[in-house]
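The chain contents come next:
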Amino acid sequence: MSRRRNNTSKIGDSAKLLKQIVTLAIIIIAVVWYYKSQNDTVEVEVEQTIDLTPEQITSLKDIGQWEFLSIADEEMVDTVRKSLIFSDDQLVRIYYGTLRLGIDMSKVQDGWIKKQGDTVRVNLPPIELLDKDFIDEARTHSFYESGKWNGRDLSALYKRAYNNMMRRCLTRENIQSAEDNAISQFNMILKTMGHDNVIIRINKTI
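Residues numbered from 1 in each chain as written. Predicted model: local features only at pLDDT ≥ 70, side-chain atom pairs only at ≥ 80, totals over all residues. Heavy atoms only, no water.

Student: Would you take a moment to explain the packing of aromatic side chains for this structure?
Tutor: Given two aromatic rings, their pairing is described by the distance between the two centres and the angle made by the two planes. By the definition in use, this model includes 5 aromatic pairs. With a centroid separation of 4.7 Å and 45° between ring planes, the pair formed by Trp66 and Phe186 is classed as tilted. With Trp66 in strand 1 (residues 65-81) and Phe186 in helix 4 (residues 172-192), this pair connects stretches of sequence that are 120 residues apart. When its relative accessible area of 0% is taken as the criterion, Phe186 is described as buried. Every member of this aromatic cluster is reached through a ring pair, and the members are Tyr95, Phe134, Tyr158 and Tyr162. (Phe/Tyr/Trp six-rings, centres within 6.5 Å; stacked < 30°, edge-to-face > 60°. Helix = DSSP H or I, 4+ residues; strand = E, 2+ residues; numbered from the N terminus. Buried < 20%, exposed > 50% of the residue type's maximum accessible area, 1.4 Å probe, protein only.)

And the structure:
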């Protein structure tokens, strides 16, 4: 009789141990499933865009005259005054000038720069001659001079040199080069402010 009771006790202990093992296995499976489901959760990340602040707009406008191309030029101009008695008078002068092409930021219009979604749109004034007094008169000198010449004669030569420089330097190619430089520099400065998508339009000179 006592031997039969021992066998019954062993069977009961085995059943209890098996139940504990099954329970522990269920707990482990549940924990593993929970963490796996957490890792498999799809996360939606909202893209953070950087706003265009009034301070940034003001800092760009406050640049004032922004030079994008500088062209050094030299012009030789001469004039001859006929004489019926003596030999002709002649005056040859050399003029030096530097023409600066760029944008005057004080001429931007309202709404010239604005943010649309993740894109910054910029509308700029046309490329222009920033300094109209581009001839360096301190370097101007006479290459050859005979006879007497007054202020009106010198003024006429100056005007001819001025117009020749304007015609030679304000070409479509130079203006296009200045526009390309403007777009490149605006892109660079806006990217440093955190704006990656930039569209720039430069108005054409009428």
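Student: Before we go on, may I ask you to explain the pairing of strand 2 (residues 89-104) in this structure?
Tutor: Consecutive side chains along a regular strand alternate between the two faces of the sheet. For strand 2, a buried count of 13 out of 16 residues is recorded, marking the element as mostly surrounded by other parts of the structure. Where strand 1 lies against strand 2, 16 bridges are found, and the strand directions are antiparallel. By the bridge assignment for strand 2, Val77 is matched with Arg93. Here strand 2 runs beside strand 5 (residues 128-129); their pairing, made up of 2 bridges, is antiparallel. Note on strand 5: the bridge partner recorded for Gly102 is Glu128. (Pairing = 2+ DSSP bridges.)

Student: How should the side chain of Asp73 be read in this particular structure?
Tutor: Mapped onto the elements, Asp73 comes out in strand 1. Those residues in contact with Asp73 that sit more than four places away from it in its chain are Tyr95, Tyr96, Gly97, Met165, Arg168 and Cys169. (Contact = heavy atoms within 4.5 Å.)

Student: Sorry if this is basic, but what is going on with the pairing of strand 7 (residues 197-202) here?
Tutor: Residue alternation in strand 7 divides its side chains into a buried set, Val198, Ile200 and Ile202, and an unburied set, Asn197, Ile199 and Arg201. Where strand 4 (residues 119-124) and strand 7 come together, 6 bridges link them in parallel fashion. Across the sheet, the residue bridging to Leu124 is Ile202, located in strand 7.

Student: Looking at this model, I keep getting lost on the nonpolar core. Mind explaining?
Tutor: Soluble globular proteins tend to pack their nonpolar side chains together in the buried interior. Among the nonpolar cores identified, the biggest contains 38 residues, and Trp112, Val122, Leu124 and Phe186 are the most heavily contacted of them. Mapped onto this core, the elements with two or more residues apiece are strand 1, strand 2, strand 4, helix 3 (151-169), helix 4 and strand 7. Apart from the residues within four sequence positions on either side, Leu124 is in contact with Ile103, Met105, Trp112, Phe186, Ile200, Arg201, Ile202 and Asn203. (Core = buried A, V, L, I, M, F, W, Y, C linked by side-chain atoms within 4.5 Å.)

Student: Would you mind going over helix 4 with me for this structure?
Tutor: The α-helix advances 3.6 residues per turn, and as a result positions three or four apart in sequence lie on the same side. Its 21 residues place the ends of helix 4 30 Å apart at the C-alpha level, agreeing with the 30 Å of an ideal helix rising 1.5 Å per residue. The inward-facing, buried residues of helix 4 contact helix 2 (54-61), strand 1, strand 2, strand 3 (113-116), strand 4 and strand 7. Phi turns positive one or two residues past the end of helix 4, at Gly194, with a value near 100°. (Expected span 1.5 Å × (residues − 1).)

Student: Please explain helix 3 as it appears in this structure.
Tutor: Relative to the 27 Å expected for 19 residues at 1.5 Å per residue, helix 3 spans 27 Å between its end C-alpha atoms, a close match to the ideal helical length. All buried positions along helix 3 are accounted for by Leu157, Ala161, Tyr162, Asn164, Met165 and Cys169. End-on view of helix 3: buried residues confined to an arc of 165°, all on one side of the axis. Facing away from the buried surface of helix 3 by more than 90 degrees, the exposed residues are Arg152, Lys159 and Arg167. Looking at the buried positions of helix 3, the neighbouring elements they touch are strand 1, strand 2 and helix 4. For helix 3, the N-terminal cap is Asn150; the gap from its side-chain oxygen to the backbone nitrogen of Arg152 is 3.1 Å. (Arc of directions from axis to C-beta. Polar contact = N/O pair within 3.5 Å; in protein donor to acceptor, adjacent residues only side chain to side chain.)

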